[in-house]
Amino acid sequence: MSVIPQVKCRRCGESFSALRSHCPNCGTRRVTQSGRTPAPTPSTVKGTAAYERAETNTRWQMIFGLILVVAVILAVIVMVSTSLNGLDTQSGKGSNNNIVATPTPTVNVAPTVEPPPTPTPTPTPTVEAINIQCFGTDVKDEFTMRLSQDPKIELQATVLPMEVFTTENTHITWKSSDESLFTVTPSEDTRKCTVEMLQTGGPGILTVSCNGYSVELTVRLAP
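Each value, and the rule that gives it
Residues numbered from 1 in each chain as written. Predicted model: local features only at pLDDT ≥ 70, side-chain atom pairs only at ≥ 80, totals over all residues. Heavy atoms only, no water. Salt bridge = Lys/Arg side-chain N within 4 Å of Asp/Glu carboxyl O. Helix = DSSP H or I, 4+ residues; strand = E, 2+ residues; numbered from the N terminus. Buried < 20%, exposed > 50% of the residue type's maximum accessible area, 1.4 Å probe, protein only. Patch = residues over 30% accessible without salt bridge, like charges linked within 9 Å, V, L, I, M, F, W, Y side chains within 5 Å. Areas by Shrake-Rupley, 256 points an atom, 1.4 Å probe, with all protein chains shown as cover. Pairing = 2+ DSSP bridges. Axes fitted to C-alpha atoms, helices over the stretch in contact; angles between N-to-C directions.

Right, let's talk about the pattern of salt bridges for a bit. Summed over all chains, the structure comprises two salt bridges. Where E142 meets R220, a salt bridge forms, and the shortest distance between an N and an O atom there is 3.2 Å. Highlighted residues: E142 in strand β5 (residues 142–146) and R220 in strand β11 (residues 213–222), separated in sequence by 78 residues. You can call E142 partly exposed: its relative accessible area is 41%. Under the relative-accessibility criterion, R220 is labelled partly exposed at 38%. Across the pair R191 and D189 runs a salt bridge, and its minimum N-O distance is 3.2 Å.

Turning next to a nonpolar patch on the surface. On the surface, L66, V69, V70, I73, L74 and I77 cluster together to form a nonpolar patch covering roughly 550 Å² of accessible area. Inspection of the secondary structure puts V69 in helix α1 (residues 49–90). Look at V69 and you get partly exposed, because its relative accessible area is 46%.

What follows concerns the sheet that holds β5. Strand order in the open sheet formed by four strands is β5-β11-β10-β7, with mixed pairing between adjacent strands. In this open sheet, the two edge strands, each paired with only one partner strand, are β5 and β7 (173–176). Looking at each pair of strands side by side, their axes are set apart by 25 degrees on average, direction ignored. In terms of strand pairing, β5 meets β11 through five bridges, oriented parallel. In the strand pairing of β11, M145 is matched with L221.

As structure tokens, then:
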């Protein structure tokens with residue numbers, strides 16, 4: 001057991017002999033704690049002027065604190081009374097216990113919005129005629145195709161009046177009476193059609209229709 005007391009370094013925490021003035025590990029100087037007792041302040045010694053002033057300040061602080069507490073209590077009482085009076089007024093009781101009429105709330109009624117009128121659809125004009133052209137020439141009742149010369153021709157239809165084809169969902173249909181003799185392939189806008197002859201025979205019938213109006217052309221199929 002060592003007779004010399006050990007102290008601990010305040011920086012690195014290493015223990016070393018109390019006879020040393022510096023830590024051997026980090027070199028920090030050892031601080032010796034003072035054993036002196038601090039002298040009393042004048043305000044704690046009775047009979048001094050500072051003590052009297054401290055006593056006076058304490059009494060005034062207690063008086064101000066008491067006044068503050070009373071003011072808070074009075075404020076709470078006033079708030080509670082005001083709240084109770086407000087509740088009595090809302091329940092319809094006056095100062096003379098007479099019933100106070102409650103005003104009727106105003107209800108804002110939203111105006112009725114009328115739907116816009118439905119537009120009247122424009123009637124589709126009646127088809128009066130369908131003219132067929134082949135190579136810029138009008139085809140009246142019939143035309144001839146030759147398997148050795150022109151097995152495939154293009155026809156174009158013109159609907160009268162012209163306003164018919166400008167309306168919505170208006171199209172032209174092309175129909176072959178016998179697809180073993182010739183076939184028909186309409187264009188994207190249906191106003192043109194390609195007729196392809198497959199074999200001789202017939203004659204066949206090509207029907208062109210638009211909005212219930214139809215014309216028939218005789219197709220003669222020659223070698």
